[in-house]
Amino acid sequence: MAFVWHAIIFFVVAAVDGNAEASNSNDIGFCYGKLENDLPSATDVINPYKKYSIGKIRLFDPNDAALNALRGSQIDVTLGVRNEDLPNLAASQDAANSWFATNMEPYLKDVVFSLIAVGNQVIPREFCQYVLPVMQILNNILKLPMLRLCSIHCTRSSSYRCELELL
């Protein structure tokens, strides 16, 4: 795993330092998942983002260590809702309120959330029937006066992506 990690960092450094005219480094982003063993700490993952002005990250699930490392960074965060959480969140507004209070609210003042990704490659699979209800329920939370408005959209490339875009 260390080899892959170093290869990604090398690629990012080359992309940022090698051709600054072609792309703004704030337009570069990577996905951060935790399915492997022996992964670097969240701080070790986030620090190169800060050092090389990498402007976007997708967290596949709410990860406290990563969210804490992102505090004050101004990195746009796409926060994923885990597939296995979808049935519970679709069941009630209270469950979604609890998810939001636990996974987003503590970070709202100093983490830049740009999207909420509802599931990962979930359509057409086991949890697909929960995507729309979860998006609608989360949208209810995001419409509260203390939060900014959001929009919902689904896109399809090789798989569907359903996201709540925070404006």
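Everything numeric here is computed off the predicted structure, so don't read it as measured data.

Q: Any chance you could break down unusual backbone geometry for me, citing the residues and the numbers?
A: Backbone geometry at Ser53 places phi at a positive 55°, although glycine is not the residue there. In the Ramachandran plot, Gln74 falls in the positive-phi region, its phi being about 65° despite a non-glycine side chain. Along the chain, Gln74 turns up in the loop between helix H3 (64-70) and strand S3 (76-81). Overall, the relative accessible area of 60% leaves Gln74 in the exposed class.

Q: Now, about the packing of aromatic side chains: what can you tell me, with residues and values included?
A: One pass over the structure, following the stated rule, counts one aromatic pair. Their ring planes at 45° and their centres at 6.4 Å tell us that Phe127 and Tyr130 sit as a pair that is tilted.

Q: Provide a residue-level description of the packing of helix H5 (residues 93-103) against helix H6 (residues 131-142), including the pertinent values.
A: Axis separation between H5 and H6 bottoms out at 9 Å; the angle between their running directions is 60°. Compared by their axis directions, H5 and H6 come out oblique. Two packed elements cross with a definite hand, and for H5 against H6 that hand is right-handed. Facing Gln93, Ala96, Asn97, Trp99 and Phe100 of H5, the residues of H6 in contact are Ile137, Leu138, Asn140, Ile141 and Leu142. In the contact of H5 with H6, the residues fall into seven nonpolar, three polar and no charged.

Quick notes on the rules
- Residues numbered from 1 in each chain as written.
- Predicted model: local features only at pLDDT ≥ 70, side-chain atom pairs only at ≥ 80, totals over all residues.
- Heavy atoms only, no water.
- Helix = DSSP H or I, 4+ residues; strand = E, 2+ residues; numbered from the N terminus.
- Buried < 20%, exposed > 50% of the residue type's maximum accessible area, 1.4 Å probe, protein only.
- Phe/Tyr/Trp six-rings, centres within 6.5 Å; stacked < 30°, edge-to-face > 60°.
- Axes fitted to C-alpha atoms, helices over the stretch in contact; angles between N-to-C directions.
- Parallel < 35°, antiparallel > 145°, perpendicular 65-115°, else oblique.
- Left-handed = near helix turned anticlockwise from the far one by under 90°.
- Contact = heavy atoms within 4.5 Å.
- Nonpolar A, V, L, I, M, F, W, Y, C, P; charged D, E, K, R; others polar.

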